[in-house]
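# Fold and geometry: a report
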Amino acid sequence: MWTKPLAALLLSCIARGGTAAANLFDDENEQIGVAAEAPKTHRSRAHYNLFDAPGEEEESERYTCKSIVAIAYSRQPVERREEAKRLRKKKHSTDTSSDDDNEELVDQHPEEGFVCELEGGSIAPIEATSEQLEEMRAALSNGTLISAVSTMEVDMFDVVEEDDELGGDDVGVSGWDTPPKSHSKSAKVPPGPIHLSSNSRRLVEHPQRRLNRLKGVKKLLVIRMTDSEGREPPGDAVYYSNKFFGTSGDTETPKAQIYGCSNGAMELSPDFGSDLNDKMTADGVLDVTIKSSLKKISTEDAWPLAQKEAEDILGCKLPYGCGADHVAFLMEKCHKGGCGWAAYAYIDWWPSVFVEEYGAHPAVVTHELGHNLNMAHSGWTGASRLVQYADHSCSMGNPYFTDYHDKICFNPAKNFQIANSGAWYDEKYVITLNMNSDTPYRELRFVGVAEYDKVAQYDSETNEDIAVVVKLETGSAVDFFVGFNRKTGQNSHNKHASDEVTIIEAGANGESYAQSWFTAGLAQGESYSFSKWAKTNEELVVKVVNIDTSEAPGYADVIIALGGATKSPTPVPTPAPGTSSPSISSSPSHAPIISPSMVPSVSPTLMPSTFPSGSPSRPPGISPTKKFSTKDKNPNQKAKGIMYQVQAEEADVKIEKISFKTKDDKDTEVQVYFKLGSYENFQGEGMDSTDWGPPVYSDIPDRTSDGLREVVLDEVLTIPKGQMASIHLVGKKEILYEEGDKEFATAYDTGDFKIFTGYSTKKGFEQRLKDADFVGEITYHTYTAKVTSTPSLSPSSSKLPTLPPNDDSTSPSMLPSNRP
């Protein structure tokens, strides 16, 4: 008999690089426990060998999974994970023992895990090599693997062990005289490439099932879990009823958000009928107590125990036997099994799990429900790196960790996926464009999803070609999706590219679960181009001609043209009287993913996209490159983070390079964060890394001849005339600075911009230190926009509104090599 519990054994496996624990079943084959796969680390050797006697291997049988179900993990904010690491380091410096066999996984980057669905609804974790898991994740993203539909053959193993964790007086649980037996199954992928097939019945039913998930009243049950030692979530049942459903007047709830973003097509409900409602602790919330300690089991073991307790109270089988569409499990904390995440959810299935206070954060709950609805994460194609969560124009980009923000909907790729299921949006306003020589030009008026309720009436009153989402078909599984990110109503908490036209990349033809990537946010007068579009060897240009938000619905007029094409044979009517002529946007994209051209040119031809630094061929309004230096300053302090503000004066300021001193001559990695606005108004006064977005630079800067470290930016940092921007320099080694007199006081005034006294931090976004003045050099140029003509949308227009030169240091194309 094994005295070490099954869950702990499996977690030990994970800690040494293995996959997660297996299912637990009772004697009637009812599911009483599921352990989801821990993120990212895996063994090529199956964990079932841990249960065998040395040198012995468990016999297996070839088994075809009923389906493969994927799991998506959502990590905690960076500062929370850094704090966990700091506390863990402090603990281990004084105590070599640990209650957590798997603490080293606390800041592991979460990715999808997979389980094998068995006949009868039970689940077994899938053991695979890292290569096989990456192959499965790629298949999930490109639509080849459909969660809860696709299937595969595996080698199935049985393990039966006595489990002290689930009972016995030694864990403080009364009523069980002897530890129960836990019956677990483990599925291992056979050697070699994976071989997927489909559950034919599920494949036929899948479209209707997806539609059903997205329309109508959906019942959500919240299970609030207390463990055997009294550990419980921070709020009571009434509190969570209000946070999920607004039963005590809260307006920032997942219920309100789903209802608003779907324009009433989908509604979350806590009402399970009088019989079950009478058994609830509060509306939609049920308190349960499990017979185990969270200190001794993983969350993946804990939530199925809570499910079993809930079924005993309610007298029905969850989820569908009780009429539930979704079940959210809340628990005090993750103590074992690979922590560092805030929540996780099963893709296109029903459960989600939340720890600590995250179950009270409406944006986190909406995000996990998005996974249940088959949506993947929304990321950012930044300067030389990809960030899985950083598209803060979408709820699937993890934009908020607060209990009062949730008014943010989904990006165009996710909206196309929803519409493709037949839900939320009229197909009339969801357009697929195959841009080629036959259809090289299109003019469209985009309306944001936040004002979709006004689209039909508006459409009847205008002659414009209205779109909510446009898919740019590439001829491959990876396509681009365009929409107007209107910041109002249920999208009023949007954090990025507000009131701009956004371009999003996604795989799986936009039809199913696929990671999406923010590609561009375009203000009025700006454009984005794709070279050699869809194997045509022609350039495809998306140009925002006009944005008007003065009345509802707001709209954006957009031209999409291939190879410099002009009007299509069927001309689009002139804009309705009263529409605004193009002007310079006062609110450019919050982060400099691209720096597209700002104003139309009078020239009828396309200009080059780059200009050499200081070249005399720079167009009017662009100054030669300048350099500001603080040579007279004495850098008498050092810190790993320096945060300060820069304000442009009489023209736009475009920063090309930032140079500074480090404490020694050794190479060190540096990150540069940039965001428009004063960090004083950011979350945590700049100390919340999630509010900044991804760094615009992350590399080892070169050393200059005068001993400075020089950051050469992939894209210039643009600060519009008169506006403030915040910059945070973060180094793995200390950066030198001079102690300032007073935060926010003017430290330098160059005539082109002002630099204000900021502050230093001990480590990145951790612990303020002293007021700090920047010491180093800034290489930049200025840009003064001059509008010399106004492009027309009338039928008489003979040329595509010209793309003026992009004065940035790089072409606007930031696309990975697999793009068209």
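Turning next to the pairing of strand β26 (residues 540–548). On any regular strand, side chains alternate: one points to one face of the sheet, the next to the other face. For β26, a buried count of nine out of nine residues is recorded, marking the element as mostly surrounded by other parts of the structure. Of the pairings in the sheet, the one linking strand β25 (residues 527–530) to β26 comprises four bridges and is antiparallel in character. Its bridge partner being in β26, Ser529 is matched across the sheet by Val541. Where β26 and strand β27 (residues 555–562) come together, eight bridges link them in antiparallel fashion. Note on β27: the bridge partner recorded for Lys543 is Ile559. Counted along the chain from β26 to the antiparallel partner β27, the turn is six residues long.

Looking now at the nonpolar core. Counting residues in hydrophobic clusters, the biggest one holds 93 residues, and the most contacted among them are Leu221, Ile223, Phe244, Trp303 and Trp424. With six residues, helix α8 (residues 299–314) is the single largest residue contributor to this core. Setting aside anything within four residues of it in sequence, one finds Trp424 in contact with Leu214, Cys261, Ser262, Ala265, Met266, Phe410, Ile418 and Tyr452. Phe660, Ile719, Tyr748 and Ile755 belong to the second largest nonpolar core, which has 32 residues in total.

Attention shifts here to the packing of aromatic side chains. Enumeration according to the criterion identifies 32 aromatic pairs in this entry. On the numbers, 5.3 Å between centres and 90° between planes, the contact of Phe682 with Trp692 is edge-to-face. Taken together, the residues Phe682 in the loop between β31 (670–676) and β32 (697–699) and Trp692 in the loop between β31 and β32 connect sequence positions 10 residues apart. One residue, Lys495, lies across the ring of Tyr400, its end atom 4.9 Å from the ring centre. Stacked on the ring of Phe682, the Lys or Arg Lys675 has its end atom at 4.6 Å from the ring centre.

Turning our eyes to something else, we now look at the state of the cysteines. Scanning the model with the defined rule gives three disulfides in all. Here Cys394 is not cross-linked by a disulfide; its sulfur's nearest cysteine counterpart is in Cys409, at 9.2 Å.

Now for the packing of helix α6 (residues 254–261) against helix α9 (residues 362–372). Where α6 contacts α9, the axes come no closer than 9 Å and their chain directions differ by 55°. In terms of axis orientation, α6 runs oblique to α9. The chirality of how α6 crosses α9 is right-handed. Contact with α6, carried on its side by Pro254, Gln257 and Ile258, involves Pro362, Val365, Thr366 and Leu369 of α9 and no other residues of that element. Its residues assigned to classes, the contact of α6 with α9 comprises five nonpolar, two polar and no charged.

What follows concerns the sheet that holds β25. In space, the five strands of this open sheet follow the order β20-β19-β27-β26-β25, with mixed pairing throughout. At either margin of the open sheet sits one strand with a lone partner, and together these are β20 (466–467) and β25. By the bridge criterion, two bridges tie strand β19 (residues 441–447) to β20 in an arrangement that is parallel. Looking across to β20, one finds that Arg445 is bridged to Ile466.

Counting buried residues along strand β4 (residues 67–75), nine of its nine residues qualify, which places the element largely inside the surrounding structure. Across the two faces of β4 the burial is the same, with Ser67, Val69, Ile71, Tyr73 and Arg75 and Ile68, Ala70, Ala72 and Ser74 all buried. Alignment of β4 against strand β5 (residues 113–117), held across five bridges, turns out to be antiparallel. Paired with Ala70 across the bridge in β5 is Phe114. Inspection of the sheet shows β4 paired to strand β14 (residues 341–346) by five bridges, in the antiparallel sense. Across the sheet, Ser74 pairs through a bridge with Ala343, a residue of β14.

Moving on, we come to helix α3 (residues 130–142). Taking 1.5 Å per residue as the helical rise, α3 with its 13 residues ought to reach 18 Å, and the 18 Å between its terminal C-alpha atoms agrees with that figure. Inspection of α3 places Gln132, Leu133, Met136, Arg137, Ala139 and Leu140 among the buried residues, and these make up the whole buried set. The buried residues of α3 all sit within an arc of 160° when viewed along its axis, so they share a single face. Directly beyond the C-terminal end of α3, a positive phi value near 90° is found at Gly143.

What counts, and where the lines are drawn
Residues numbered from 1 in each chain as written. Predicted model: local features only at pLDDT ≥ 70, side-chain atom pairs only at ≥ 80, totals over all residues. Heavy atoms only, no water. Buried < 20%, exposed > 50% of the residue type's maximum accessible area, 1.4 Å probe, protein only. Helix = DSSP H or I, 4+ residues; strand = E, 2+ residues; numbered from the N terminus. Pairing = 2+ DSSP bridges. Core = buried A, V, L, I, M, F, W, Y, C linked by side-chain atoms within 4.5 Å. Contact = heavy atoms within 4.5 Å. Phe/Tyr/Trp six-rings, centres within 6.5 Å; stacked < 30°, edge-to-face > 60°. Lys NZ or Arg CZ within 6 Å of the ring centre and 35° of its normal. Disulfide = S-S within 2.5 Å. Axes fitted to C-alpha atoms, helices over the stretch in contact; angles between N-to-C directions. Parallel < 35°, antiparallel > 145°, perpendicular 65-115°, else oblique. Left-handed = near helix turned anticlockwise from the far one by under 90°. Nonpolar A, V, L, I, M, F, W, Y, C, P; charged D, E, K, R; others polar. Expected span 1.5 Å × (residues − 1). Arc of directions from axis to C-beta.

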